[in-house]
Each structure stands twice: as C-alpha cells, then as structure tokens.
Amino acid sequence: MAKGLTPRSEDYAKWYNEVVQQAELADYAPVRGCMIIRPYGYTLWENIRSELDRRFKESGHVNAYFPLFIPFSFLEREAEHVEGFSPELAVVTHGGGKELEEPLAVRPTSETVIGHMYAKWIQSYRDLPVLINQWANVVRWEMRPRLFLRTTEFLWQEGHTAHATRREAEEEVIRMLNVYAEFAEQVAAVPVIKGLKSQSEKFAGAVDSYTIEAMMGDGRALQSATSHDLGQNFARAFDITFQDPDGGLQHCWTTSWGMSTRFVGAVVMVHGDDQGLILPPRLAPIQVVIVPIWRTEEEKTQVVEAALKVERSLPGLRVELDEREQFTPGYKYNEWELRGVPLRVEVGPRDVRKSQVVLARRDVPGREGKRAVPADGAADAVREELDSIQEALLQRALEFRRARTVEAEDYDALSAAVAEGFALAWWCGGDGCEARIKEETSATIRCIPLDQPEGSGRCAVCGEEAASKALFARAY
Ligand SMILES: [Zn+2]
C-alpha cells in the first residue's frame, strides 16, 4: 500500500493494472502471459466457483476431471476446431527425455478428449443425457496479456453435455446461458446482455454460440461467459452414437459452456472507483471489516471488546476484525477501501460511550455513506446495509450502461457510439458490413441480443433490409 493508485477517472487501463496488483488479487509470473492468483484474488474466484457450482448441480450436472494433455490428432478431427485453436496452442513434443511419437496439445478446451470418452460411454438412449462439468486450467497462448483478462493459462469451468435430440441440446444451451446471466446480475451485480454470436465470432466447431456481454467502466464490452450449441459436429468427428428406442443408430447432439477467471477482471472493471476495488457483497472475500479506534490502553480494552461483540453477532458473514497495532485507523481505512471491502464498522471510545457503532459503505465515499446505529441492533443493520450495497452496485452499473448505449440508425451514429460504449443497430447479417465496422472503428458485433424489437429496419451500414438488431462495441 501507500504506493498511490492512479485514479480510475484519469487512466482506466493503468488503474486496472495497479489496482489488481495493489489489492493483491494477482501478480505477474516469471513466464510472460501467465499470472499468479494471490490468496485474496483466489478467494474471490472460489466464491464465484461455489456460486456457479451450486447452480450447475441444482440443474442436474456432476463434476469430473479430464487430462491436461490431448493427442494432437484429436484436435485435427474437427476441421474448424483445429483451425480456430491452432494459433494459440501450446504443444508438448518431448517427454521423459525422448521425443514423443505423437505431439500432445496442452488443452485449450476439452471438447475433443471428452468427445472421445463419450463415444465409449454412450451406447444407448438410456445413457442420455450426459451432463458433466469440469473445473480446470486451460492454455491459450496469449500475445497481448493482461492480468485476468487475457492470460496464457487461466482457470475456468467447462460443461459438456450430450443429448438424444436437437431440441434437448438447444434447451440446455439456453438454460446454461440463463444460469450465467442470473449469476452475473444477482451475485456479481454485473448486468449482461444475452445474445447469439455472429457466425464469424462463434466458437470454432460450434453451430451456434451464445454469450453474455457486459459493459466495463470505460464503455467497452467484455464477453463474460459463452454457451455453445455444437449440433452433431463433434459427435460426427468422434463417433458419439447411441441406439434409439427403435434400434436405429444416431449421432448425439452436444453442447459446451464456460466461464473463466476473466470474470474476476469484469468484477474489478465494472465496480471500482478512484480509491480502488468495490466488491459486491455476495462475492467479496471479506464482506465486513471492523476497525476499532483507540489511543490509550484503557480505550483499547473497551473498543476491542465492543468490536468482538459485533463480530460474534455476525455468524455466516465473512468478517475481519482489524486490531493490528502497527497501523493507524486512517491507514486501515485506505487499505480496506483499496481492497474493496463493501462495509466497514468503526468502533471508537465515543461510540462505546453512546452504545453505538458506525457503518461506512464502500460504495458511498465520505460522510454521506456513514451512519451510526445502536450497538444492540448492529447485526441487523449490517445485513440490511450489505443487501442495499449489492442492489446499489447493480443499479449503478445498469444506469451507466443505459447512459452509454445508443440506438444507432446510421453508420455515423454507430461509429460515434462505439467510441463511448454500446451501439444497438439494425444489421443485415452480411459479413461485409460486419467486417467494415471492425476495420474502420475496431468495434465488433458482440451479439445479436435475444431481446429484439418488433418489426424490421434498415442495416446501419449498407441500408439493406435487416431482420434483427446487433450489439456493436469495442471489446476486451
Ligand atoms: Zn448491411
């Protein structure tokens, strides 16, 4: 600490890199493109993981683990898949002191090896559906690394399911998209737009890819999770077949879906301010920090006792009592603000005399965010305040997105809008119009939102008839 943080309002990119390191979420690794997730950042990831894991299990999925190494030839079996992933593959050519007969890919994603195993495990319609998720690391070689947002190795979960019918698979893809969206909004307070990827932006090997897209604090988009309808592409490549009730042999319909440590970057970028992180209470590693304030030993005994009483009244919450001797209260306030703890409880000698404690909200700086509450009712007040902070963060992010989203009718409006945020514009569906926008404004089609207006319009680029609106933005 005390290094001084570049204000977010002054230089967003610099602020992001500094806050991630100063708040001790992550640090750079000796290998370029890799990162070390420090305990505070890892706890945040663990909280994301347990919220998602619970939702996956509630919707019938189970966890398993597949190997890190994949025979290189597996990737080549699905033509689009290998083409899409080749540029970012890490390949192992030597092992045990010898050159390997077949090189091994370090998994960039696991459709191929899982497809190989599903072909073995699935024989009959009675074996379906298969609903497996894995928590794992993957490697995609990164030329322009950024902590959490783009790292060569990252952590994620990847769900892989196999179904007897196209309809079941399509329902699964949307079900998991909805799980991600609900998690992002209700737990991380990150509002998202659900939609379909354009064919040029879809996952390599998928029939259709769906995404949730969030607006970061500088107006750029971040793809926060994806859910892929793989059709029968991987089932054909890996021979995943089953006997139907009439004795016929059919290919399965498969899906895959994932969310990664990238989302930690989204939480940082959506909610922070000039002082540092602001973490949504439902994800925060520490939800409440209690800071006792004293000058004399006698005062210390009193305030620490009162602080302990507050701590004990909050079972089930993640609470830290900061009674470190070597730091002043002011120093502690700054540190916990930098680290984004949503709520601070201050207990000084005057508060003890008045049988009260002071609550200070991280999301509302200064006096305005402070209020004194009776020590007796502190537990209820703390819980209410945390709920209120959670809601306020979501509303603030929604308001920010609303203010930076433009319904663009023509090319000029579209190109001006993507310099500041999101543009919603009619799109004819043509690759040429998509490519022109990308080349001239560096914005891409983030998705074709599932939520569409009535009727049709004219493509903002070429003026041709367009059946749907697309979401355009510059993206991380
Ligand atoms: Zn067009």
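Residues numbered from 1 in each chain as written. Predicted model: local features only at pLDDT ≥ 70, side-chain atom pairs only at ≥ 80, totals over all residues. Heavy atoms only, no water.

Caption draft 1: A look at the overall build of the protein. Scanning the protein from terminus to terminus reveals 14 helices and 25 strands. Computed over its C-alpha atoms, the radius of gyration of the protein comes to 25 Å, within 12% of the 23 Å expected for a compact globule of 476 residues. Counting only C-alpha atoms and orienting by the principal axes, one finds that the protein spans roughly 80 × 55 × 45 Å. Looking at the protein residue by residue over its 476 residues, the buried ones come to 54%. For the protein, contacts bridging at least 24 residues in sequence account for 69% of all contacts bridging at least 6. When the accessible surface of the protein is summed, it comes to about 21200 Å², and 49% of that surface belongs to carbon and sulfur atoms. If you average the places of the 56 positive and of the 73 negative side-chain charges in the protein, the two averages end up 4 Å apart. (Helix = DSSP H or I, 4+ residues; strand = E, 2+ residues; numbered from the N terminus. Rg over C-alpha atoms; globule rule 2.2 N^0.38 Å. Buried < 20%, exposed > 50% of the residue type's maximum accessible area, 1.4 Å probe, protein only. Contact = heavy atoms within 4.5 Å. Areas by Shrake-Rupley, 256 points an atom, 1.4 Å probe, with all protein chains shown as cover. Lys, Arg positive; Asp, Glu negative; His and termini not counted. Charge placed at Lys NZ, Arg CZ, Asp CG, Glu CD.)

Caption draft 2: Up close: the layout of surface pockets. There is about 1700 Å³ of room inside the largest pocket. Around the largest pocket, the lining comprises 49 residues; the ones closest to its centre are E88, R140, R150, Q223 and R262. Of the residues belonging to the lining of the largest pocket, the class tally is 16 nonpolar, 16 polar and 17 charged. Volume-wise, the second largest pocket comes out at about 310 Å³. (1 Å grid on protein atoms, 1.4 Å probe; cavity = no way out; pocket = protein on both sides within 12 Å on 5 of 7 lines; lining within 4 Å. Points joined across faces, edges and corners; volume = space filled by probe spheres on them. Nonpolar A, V, L, I, M, F, W, Y, C, P; charged D, E, K, R; others polar.)

Caption draft 3: Quick peek at the packing of helix α2 (residues 39–58) against helix α6 (residues 166–186). Following both chains from N to C, one finds α2 and α6 inclined at 145°, their axes separated by 11 Å at the closest point. Of the two possible hands of crossing, α2 and α6 adopt the one that is right-handed. Judged by residue contacts, I48, E51, L52, R55 and F56 of α2 engage M176, V179, Y180, E182 and F183 from α6. Of the residues assigned to the contact of α2 with α6, the class counts are 7 nonpolar, no polar and 3 charged. (Axes fitted to C-alpha atoms, helices over the stretch in contact; angles between N-to-C directions. Left-handed = near helix turned anticlockwise from the far one by under 90°.)

Caption draft 4: Focus on the sheet that holds strand β5 (residues 90–95). On the basis of which strands lie adjacent, the open sheet formed by 3 strands has the order β4-β6-β5 and antiparallel pairing. Only two strands of the sheet have a single partner each, and these edge strands are β4 (69–71) and β5. With direction set aside, neighbouring strand axes in the sheet form an average angle of 45°. With 5 bridges connecting them, β5 and strand β6 (residues 98–106) associate as antiparallel partners. (Pairing = 2+ DSSP bridges.)

Caption draft 5: Main features of the sheet that holds strand β16 (residues 319–321). Ordered by their spatial adjacency, 5 strands build an open sheet running β16-β15-β17-β18-β19, and the pairing between neighbours is mixed. The open sheet is flanked by β16 and β19 (370–374), the only strands paired with a single partner. The mean inter-strand angle of the sheet, taken between neighbouring strand axes irrespective of direction, is 25°. Where strand β15 (residues 288–292) and strand β17 (residues 343–347) come together, 5 bridges link them in parallel fashion. By the bridge assignment for β17, I290 is matched with V345.

Caption draft 6: Quick peek at the nonpolar core. Membership of the largest hydrophobic core comes to 60 residues, with the highest contact counts inside it found for V20, L25, I212, M216 and F263. No other element matches α6, which puts 8 residues into this core. Residues within four places of V20 in sequence aside, it is in contact with L25, A26, L147, F148 and V268. With 28 residues, the next largest nonpolar core counts V304, A379, A381 and L393 among its residues. (Core = buried A, V, L, I, M, F, W, Y, C linked by side-chain atoms within 4.5 Å.)

Caption draft 7: Fine view of the coordination of the zinc ion. On the protein side, the zinc ion has C428 (SG), C433 (SG), C459 (SG) and C462 (SG) as donor atoms, found 2.3 Å from it. In this structure, the zinc ion is coordinated by 4 donor atoms arranged in tetrahedral fashion, with angles at the metal of 104 to 116°. Coordination of the zinc ion draws on donor residues from a single chain, spaced C-x4-C-x25-C-x2-C in sequence. Taken together, the positions of C433 in helix α14 (residues 431–441) and C462 in the loop between β23 (457–458) and β24 (465–466) put the pair 29 residues apart, joining distant regions of the chain. According to the relative accessible area criterion, C433 is buried, its value standing at 10%. Its relative accessible area of 38% is what places C462 among the partly exposed residues. (Donors = N, O, S within 2.8 Å, 3.2 Å for Na, K, Ca; no water. Tetrahedral: all angles 85-135°; square planar, octahedral: opposite > 155°, others 65-115°.)

Caption draft 8: Spatial organisation of the packing of aromatic side chains. Throughout the structure, instances matching the rule amount to 12 aromatic pairs. Considering the side-chain rings of F74 and F238, the 5.9 Å spacing of their centres and the 65° angle between planes classify their relative orientation as edge-to-face. Remark: F238 occurs in helix α7 (residues 233–238) and F74 occurs in helix α3 (residues 72–76); sequence separation between them is 164 residues. Given the relative accessible area of 9%, F74 is considered buried. (Phe/Tyr/Trp six-rings, centres within 6.5 Å; stacked < 30°, edge-to-face > 60°.)

These results come straight from atomic positions and should not be treated as a statement about function.
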